[in-house]
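Listed below, chain by chain, are the residues.
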Amino acid sequence: MTPNIPPIEHSALHQRVAVSFARQGLMRHLQAPLVRVAPGEVELWLPYSDRVTQQQDGFHGGAIGALADIAGGYAGLTVAPEDMEVTTAEFKINFLGSRQGGALRAVGRVVKPGRRLIVTSAEVTHVADDGQTSACALMQQTLVPVPRTY
């Protein structure tokens, strides 16, 4: 059983992010939906499956880190110029707990927009099958706007 993932919202900004997100092979492979896009904020979910586990059946730190990185990155994209993408220059993550089952919810937020650097954060929360939530990870990152090449 997986917790109910919220319905996907649609807007022009959501469409811009969704076009880029659809090019993310890793997120397609992990079956992580882009759920919500607002100026300076993006929400992704990652359902529990054997694709995202470590040897003790908890969510793998690499999957958690990727989800946080991508949530923060797309939050940054919402404030970047239309003809640009963003790339991660660095991030720091604290893993706060290992969980099994349910899903992960990652919310990326812009902390400081800029022309040369964009600073974001992402909170990753575990949502159990019964709806209970617990902190899973906290990330801060620096993004660099780059020309879109597609």
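Residues numbered from 1 in each chain as written. Predicted model: local features only at pLDDT ≥ 70, side-chain atom pairs only at ≥ 80, totals over all residues. Heavy atoms only, no water.

**A few points about the overall build of the protein chain**
- Along its length, the protein chain carries three helices and six strands.
- Each helix (α) and strand (β) of the protein chain, taken in turn from the N terminus, gives the series α-α-β-β-α-β-β-β-β.
- Over its C-alpha atoms the protein chain spans a radius of gyration of 15 Å, differing by no more than 12% from the 15 Å that the globule rule assigns to 150 residues.
- Taken along the three principal axes of its C-alpha coordinates, the protein chain extends 40 × 30 × 25 Å.
- Among the 150 residues that make up the protein chain, the fraction classed as buried is 45%.
- Sequence separation of at least 24 residues holds for 67% of the intrachain contacts in the protein chain that already meet a minimum separation of 6.
- Carbon together with sulfur atoms contributes 52% to the accessible area of the protein chain, which is approximately 7,700 Å² in total.
- The averaged location of the 13 negative side-chain charges in the protein chain is 8 Å from the averaged location of its 13 positive side-chain charges. (Helix = DSSP H or I, 4+ residues; strand = E, 2+ residues; numbered from the N terminus. Rg over C-alpha atoms; globule rule 2.2 N^0.38 Å. Buried < 20%, exposed > 50% of the residue type's maximum accessible area, 1.4 Å probe, protein only. Contact = heavy atoms within 4.5 Å. Areas by Shrake-Rupley, 256 points an atom, 1.4 Å probe, with all protein chains shown as cover. Lys, Arg positive; Asp, Glu negative; His and termini not counted. Charge placed at Lys NZ, Arg CZ, Asp CG, Glu CD.)

**Some words on the nonpolar core**
- Formed by 33 residues in total, the largest nonpolar core has its most connected members in Leu-44, Leu-46, Ile-64, Leu-67, Leu-104 and Val-124.
- Per-element tally for this core: the top contributor is helix 3 (residues 61-77), with nine residues.
- Apart from the residues within four sequence positions on either side, Leu-46 is in contact with Leu-30, Ala-32, Val-52, Phe-59, Ala-63, Leu-67, Ala-103 and Leu-104. (Core = buried A, V, L, I, M, F, W, Y, C linked by side-chain atoms within 4.5 Å.)

**Description of the pattern of salt bridges**
- Throughout the structure, instances matching the rule amount to five salt bridges.
- Here Glu-41 makes a salt bridge to Arg-36, at a shortest N to O gap of 2.7 Å. No difference in accessibility class separates Glu-41 from Arg-36, as the two residues are buried.
- The shortest N-O distance in the salt bridge between Glu-43 and Arg-105 comes to 3.0 Å. Placement of the pair is Glu-43 in strand 2 (residues 41-47) and Arg-105 in strand 4 (residues 103-112), with a sequence separation of 62 residues.
- By relative accessible area, Arg-105 is classed as partly exposed at 28%.
- Each member of the salt-bridge network shares a partner with another, and the members are Arg-36, Glu-41, Glu-43, Arg-105, Arg-109 and Glu-123. (Salt bridge = Lys/Arg side-chain N within 4 Å of Asp/Glu carboxyl O.)

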